[in-house]
Amino acid sequence: KEVENQQKLANVVILATGGTIAGAGASAANSATYQAAKLGVDKLIAGVPELANLANVRGEQVMQIASESISNDNLLQLGKRVAELADSKDVDGIVITHGTDTLEETAYFLNLVEKTDKPIVVVGSMRPGTAMSADGMLNLYNAVAVASNKESRGKGVLVTMNDEIQSGRDVSKTVNIKTEAFKSPWGPLGMVVEGKSYWFRLPAKRHTVDSEFDIKKISSLPAVDIAYGYGNVTDTAYKALAQGGAKAIIHAGTGNGSVSSRVVPALQELRKEGVQIIRSSHVNAGGFVLRNAEQPDDKNDWVVAHDLNPQKARILAMVALTKTQDSKELQRIFWEY
Ligand SMILES: NC(=O)C[C@H](N)C(=O)O
């Protein structure tokens, strides 16, 4: 009977990368003071025995770091391992445990470059497993539930936090001290309750199998950096980033990606030198940057990031620059993804 049951269950691989979901604090009262990336994937899986009712689960430790330290090389390493597993006949779904600080970047990266319709679910937690009311167990249970469900196929990379199923493209961390931390400006795709998924909407942007980008063809990512817009800003950071080798600079602009008159000349100059200038917005609830609104992007040959926040714009710019150096192509890509 047990063998029969196992045969019916989906095969899900959990790729562990570290983060607070693998974190440990000194006491149960420590919800914010702890060390991330302490527990191995076997301990994570052993901590939620109910996973065995959802899927045949096995784990792999891909790295063990806090997600603020994730590098482009780490992204490539993870992306390539996900692609190998997705190609395997014995794998039905993939879960990635990840720190929440850059979870939105990794989820968007995978959404752009993984050529599979198998479910890929990225998950983290806001409290370490040692804390009272830790959220990691349920988030992981929900991730495996979503990853093992055929209905999750073809919906792009997903994120399960706080009972919600979010699009990896849209979601971002909006607060750092609550379990209700991950929000999308366009709302969640669905809910997961007691291991069952309830879907309400689908992503409209190109992703995974419909993407022109393929992790198997990407061997390195170009330097793309971010500079912040604020009152009394100077052009020092922009110039320094270009000097440091940035191929594109994401302007994390005020409001609709507006650019201070103190910075405009430097950005015009950098564009002439070949650096791509991409205007995004750092407003909290979700920016919305349109071409030639407030800044003459056509004249300056700049690109707009539309609704992508600066850190997601960095991800798309890096991936796009592996294929094109043309600003018009870049802009097309920013509209489509
Ligand atoms: N909640 C977390 O996971 C935060 C941690 N700094 C990380 O991103 O790894």
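The structure presented is a predicted model; accordingly, all values stated were derived computationally and were not measured.

Conventions we followed
Residues numbered from 1 in each chain as written. Predicted model: local features only at pLDDT ≥ 70, side-chain atom pairs only at ≥ 80, totals over all residues. Heavy atoms only, no water. Helix = DSSP H or I, 4+ residues; strand = E, 2+ residues; numbered from the N terminus. Buried < 20%, exposed > 50% of the residue type's maximum accessible area, 1.4 Å probe, protein only. Contact = heavy atoms within 4.5 Å. Lys, Arg positive; Asp, Glu negative; His and termini not counted. Charge placed at Lys NZ, Arg CZ, Asp CG, Glu CD. Axes fitted to C-alpha atoms, helices over the stretch in contact; angles between N-to-C directions. Parallel < 35°, antiparallel > 145°, perpendicular 65-115°, else oblique. Left-handed = near helix turned anticlockwise from the far one by under 90°. Nonpolar A, V, L, I, M, F, W, Y, C, P; charged D, E, K, R; others polar. Core = buried A, V, L, I, M, F, W, Y, C linked by side-chain atoms within 4.5 Å. UniProt positions renumbered as here; feature names shortened; annotations may be inferred. Pairing = 2+ DSSP bridges.

1. Let's talk about the overall build of the protein chain
- On a plain count of helices and strands, the protein chain comes out with eleven helices and 14 strands.
- For the protein chain, the spread of C-alpha atoms along the three principal axes comes to 70 × 45 × 35 Å.
- Counting over 337 residues, the protein chain shows a buried share of 54%.
- Long-range contacts, defined here as pairs at least 24 residues apart, represent 71% of the contacts in the protein chain between residues at least 6 apart.
- Here the protein chain holds 37 positive side-chain charges and 38 negative ones, and the gap between their average locations is 2 Å.

2. Overview of the packing of helix α7 (residues 236–243) against helix α8 (residues 264–272)
- At their nearest, the axes of α7 and α8 sit 9 Å apart, and the two run at 15° to each other. The orientation of α7 with respect to α8, classified from their angle, is roughly parallel. Here α7 and α8 pass one another in a crossing that is left-handed. From α7, Tyr 238, Lys 239 and Ala 242 reach across to α8, where they touch Ala 266, Leu 267 and Leu 270.
- Its residues assigned to classes, the contact of α7 with α8 comprises five nonpolar, no polar and one charged.

3. A closer look at the nonpolar core
- The biggest cluster of nonpolar side chains holds 79 residues, and the ones touching the most others in it are Val 95 and Phe 109.
- Of all the elements, helix α10 (residues 310–321) adds the most residues to this core, at eight residues.
- Contact partners of Phe 109, with chain neighbours within four places excluded, come to Leu 75, Leu 76, Ile 215, Leu 221, Ile 315 and Val 319.
- Grouped together as the second largest cluster of nonpolar side chains are 14 residues, Ile 249, Leu 267, Val 275 and Trp 302 included.

4. Re the UniProt feature "binding site: substrate" (unreviewed entry) in the protein chain
- According to UniProt, the feature "binding site: substrate" (unreviewed entry) maps to Ser 67, Thr 100 and Asp 101 in the numbering used here. The greatest C-alpha distance among the residues just named is 6.7 Å, despite their covering 35 residues of sequence, which places them together in space.
- Mapped onto the secondary structure, Ser 67 falls in the loop between β2 (55–65) and α4 (72–87).
- Among the residues examined, Ser 67 registers a relative accessible area of 3% and is labelled buried.

5. What to know about the sheet that holds strand β5 (residues 158–161)
- With mixed pairing, eight strands are arranged side by side in an open sheet as β2-β1-β3-β4-β5-β6-β9-β10. Whereas interior strands pair on both sides, the edge strands pair on one side only; in this sheet they are β2 and β10 (196–199). Within this sheet the neighbouring strands show an average axis-to-axis angle of 25°, counted without direction.
- Across eight bridges, strand β1 (residues 10–18) lies against β2 in parallel orientation. Bridging across to β2, Val 12 finds its partner in Val 57.
- The strands touched by α4 are β1, β2, β3 (93–97) and β4 (120–123); relative to β2, the strand with the most contacts, the crossing angle is about 160°.

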